[in-house]
Amino acid sequence: MHFIPQKDQMDCGPACLAMIARHYGKSYSLNYLRDHSFISREGVSLSGISEAAKSIGIEAASYSISLDELNQHQSFPSIIHWNQNHFVVLYAIRKSLFTGKKIYKIADPSHGLLSLSEDRFKKSWISKDNKEGIAMYLSPTDNFFSAKVHNEKELSISFLYKYLVPHRSKIALLFLLLFVGTLITLIFPILTQKLIDDGVEPKNLKIITYILLGQLSFFLGNIILSILRNWILLAVGTQINIQIISDFFKKLLLLPVKFFDTRMMGDFNQRIQDHERIEQFLTSQGITTLFSILVFSVFFGVLWFYDFRILIVYVALTFLSVIWSLIWMKKRKSLDYFRFQQQSQNQQSNFEILNGVTELKINQYETLKLRQWEEIQHKLYDINMRILKNDQIQVAGFDFLNQLKNILVTFLAASFVVSGKMTLGGLLSVSYIIGQMNSPVAQLIGFFRSLQEAKLSLSRLNEVQNHPDEEQANLKPLDLNTLNYNGTQAKKGIRLNNISFQYEGPKSPFVLKDIDIFIPEGKITAIVGSSGSGKTTLMKLLLRFYDPTAGEILYNDDNILSLSPKSIRENCGVVMQDGYIFSDTIKRNIATGDEHIDTQKLHNSARIANIESFILSNPLEYETKIGASGNGISGGQKQRILIARAVYKNPHYIFFDEATSALDADNEKIIHNNLQSFFKDKTVVIIAHRLSTVKNADQIIVLKDGQVSELGHHNYLVEKKGEYFSLVKNQLELGA
């Protein structure tokens, strides 16, 4: 079984399917399988894996079966549900040669290839509620073998060299310093031989003094060159690191919103650390290794000059030590993925504890969360121990071969001195050269490791870099003046024709089903319904956070799929339920997009949102700094800043999702009255539960279970005594 590790915390299902596809001779990227698995924040489901398998021509069938049935079926490889929260590949069941007991061969995307006893296997596979576990059997069809593999272009190391080009003058200076340093290093063995042969043996103190002073001078020169090299490396490395991470964030911000739905904060933090490893490879490791190779090449020639037999012994044992290290580095490759997973979970756990400390204390959740954190630390410890064992074996073997090489070379040189074929100075010079050549070899091994880590980091970044941008060249800007609808004169507005939407693929439940409504231009439309009826999802479709599963959304006469998402949002003032307050000043939180803030608009938006008195009560007024996520202000103040932010844009469309839910009645009334004049000639969509917010709307749309159950104005819907009446009767005290 060819093992493929998962790259993100939610990737176990796609990774399992990738391994099975590779088993049958096809290599699919995790990104492709991930996109077809309909992964949510809760992870991947069996139906999602089944859909992804179907997309590549593999038939999948899932069963809840007993261990005996699993043993009898013997259909491998298959995917099994593991520990009730994970998927792994079962690729063989064998009998132990010594005990005769069954051994279950598992490929765990988050851990590696495992061989488990029956008891250990049952513990992780059998459900606690019954004596059965879930297994998915997969078999390739003719379509699988005839289908073209969908793989994106993998990033290669050459992708990184564009970051070196702007610094070519500094790198050229660095190489010059390296070359001069190499020449100086070459002088030391010559001086050592001269010291012994021309100074010590003839007992010429004057020559000894000159040579030692020369060595001191060259040593000081090397120190100065080293300082200059380190300065240049720091400057170049820092600038490259800034550029690499800046490009990463630029790319992230070009991706669609749905890309972030299934990614955890820890995964993104780890990818930033991946960039730091890439920067280290480009500067510290890459350039230093070139210097080491240069030094090695020079001393290689000098050693050949002394005696080719010494060189042959040295090269042979060096080659063996390098091969030994590369073998163990290959074993370390998969361990790096596993450590990435655990570090990602660790980052996520740290983030939750630090950001959720208030809720942890209120709900006495500290003990359980701390226990979960400790479990992650133990797993991280286990991974680090496996890496340490691997590294220790590699280093021990490398050091042993190096020491054996040094001893053999010294013995050969000493035998040449005894036989009169080499001077004592020559022996010391050879010893010095061997010592100097060992460092470049060790540096080369470090370079190979850094190269491997850089490639692994690139493979993880590949998912981000190759993901298509949200903005495409063929999309057009939103035209607010479009008047024709299907070739005929029509009212302007937003039309939803039979819109349906699912989050998790064709077998998942519909969040919205057959929505057929018209939101007229310049009017206020309210959307109401119980929690989970699809109101927020509908608003996200209007903002093109997601594309509808079926049907079409038209802005006037333009299909939303033909419009630039950025252009739509530029013309929308939006307040979402989970609106974000940035760690910045109040004025920057209101005028987010404007580089040069319009003071008049700023004050007007604060007045409309009834937040101006609070702002002016602070010593720094609009320059007052707010903590991240709104720390230091109340929920109502946070909502009023979000409303002021939407008003400041003075947009054509206004979308409010429970924008006043955290406000008291007085503030809500003031803001409601202030907004009425602001809403004039604007197309407004309000999601709310409170009657005071929606009763004056030009039309009210009632959603129930993702469908439109009622539509009309307030008085009509109250008189109808249907779903809307049920939602507001307690507020109106109407009774049945």
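Criteria and cut-off values
Residues numbered from 1 in each chain as written. Predicted model: local features only at pLDDT ≥ 70, side-chain atom pairs only at ≥ 80, totals over all residues. Heavy atoms only, no water. Helix = DSSP H or I, 4+ residues; strand = E, 2+ residues; numbered from the N terminus. Expected span 1.5 Å × (residues − 1). Buried < 20%, exposed > 50% of the residue type's maximum accessible area, 1.4 Å probe, protein only. Patch = residues over 30% accessible without salt bridge, like charges linked within 9 Å, V, L, I, M, F, W, Y side chains within 5 Å. Areas by Shrake-Rupley, 256 points an atom, 1.4 Å probe, with all protein chains shown as cover. Salt bridge = Lys/Arg side-chain N within 4 Å of Asp/Glu carboxyl O. Domains from an automatic or database assignment. Pairing = 2+ DSSP bridges. Axes fitted to C-alpha atoms, helices over the stretch in contact; angles between N-to-C directions. Polar contact = N/O pair within 3.5 Å; in protein donor to acceptor, adjacent residues only side chain to side chain. Phe/Tyr/Trp six-rings, centres within 6.5 Å; stacked < 30°, edge-to-face > 60°. Lys NZ or Arg CZ within 6 Å of the ring centre and 35° of its normal. UniProt positions renumbered as here; feature names shortened; annotations may be inferred.

### Points about helix α1 (residues 12–23)
For α1, built from 12 residues, the straight-helix expectation of 16 Å at 1.5 Å per residue is met to within 8% by its first-to-last C-alpha distance of 17 Å. Of all 12 residues that make up α1, 10 are buried, and the element is covered over most of its length. All buried positions along α1 are accounted for by C12, G13, P14, A15, C16, L17, A18, M19, I20 and A21. Positioned one or two residues after α1, G25 has a phi angle of 100°, which is positive.

### Some details on a nonpolar patch on the surface
On the surface, Y210, L213, L216, F219, L220, I223, I224, I227, L228 and W231 cluster together to form a nonpolar patch covering roughly 1,000 Å² of accessible area. Note on placement: L220 falls in helix α8 (residues 205–253). According to the relative accessible area criterion, L220 is partly exposed, its value standing at 45%.

### Focus: the domain arrangement of the protein
On domain assignment, one finds that the protein holds domain 1 (11–146), domain 2 (157–466) and domain 3 (523–540 + 569–735). Using only C-alpha atoms to locate each centre, domain 2 and domain 3 end up separated by 56 Å.

### Points about the sheet that holds strand β5 (residues 112–117)
Taking strand neighbours across the sheet as the criterion, the six strands line up as β1-β6-β2-β3-β4-β5 in an open arrangement whose pairing is antiparallel. The two strands at the open ends of the sheet, each matched to only one other strand, are β1 (58–65) and β5. Neighbouring strand axes in the sheet, compared pairwise and without regard to direction, differ in orientation by 30° on average. With eight bridges connecting them, β1 and strand β6 (residues 133–140) associate as antiparallel partners. Counted as the bridge partner of A61 is Y137 from β6.

### A short note on the pairing of strand β2 (residues 78–82)
Counting buried positions along β2 gives five out of five residues, so the element sits mostly inside the fold. The two faces of β2 match: S78, I80 and W82 on one face and I79 and H81 on the other face are all buried. As paired elements, β2 and strand β3 (residues 86–95) share five bridges and run antiparallel to each other. Along β3, the bridge assignment pairs I79 with V89. Counting the residues that bridge the hairpin from β2 to β3 gives three residues, and of these N83 lies at a positive phi of roughly 55°.

### Digging into α8
Helix length check: α8 (49 residues) gives 71 Å between terminal C-alpha atoms against 72 Å at 1.5 Å per residue, within 8%. Its side-chain oxygen 3.2 Å from the backbone nitrogen of K206, N204 forms the N-cap of α8.

### Topic: the packing of aromatic side chains
Evaluation of the coordinates by the stated rule reveals 17 aromatic pairs. An angle of 80° between the planes, with centres 6.4 Å apart, marks the rings of Y24 and F144 as edge-to-face. On the criterion of sequence distance, the pair formed by Y24 in the loop between α1 and α2 (30–35) and F144 in helix α6 (residues 142–146) is long-range, its members being 120 residues apart. According to the relative accessible area criterion, Y24 is partly exposed, its value standing at 24%. Looking at F144, the relative accessible area reads 0%, which means it is buried. With 4.8 Å between their ring centres and 85° between their planes, F501 and Y503 make a pair best called edge-to-face. Counting every residue linked through ring pairs, the aromatic cluster contains W82, Y104, F121 and W125. Stacked on the ring of Y648, the Lys or Arg K601 has its end atom at 4.5 Å from the ring centre. A cation over an aromatic ring shows up here: K682 above the ring of F678, its NZ or CZ 4.7 Å from the ring centre.

### Some thoughts on the UniProt feature "transmembrane region" (unreviewed entry) in the protein
As annotated in UniProt, the feature "transmembrane region" (unreviewed entry) corresponds to residues 171–191, 207–228, 287–305, 311–329 and 407–434 in the numbering used here. Taken end to end, residues 311–329 is 100% helix and 0% strand, and its first and last C-alpha atoms sit 27 Å apart. Secondary structure content for residues 407–434 is 82% helix and 0% strand, while the C-alpha to C-alpha distance between its ends is 10 Å.

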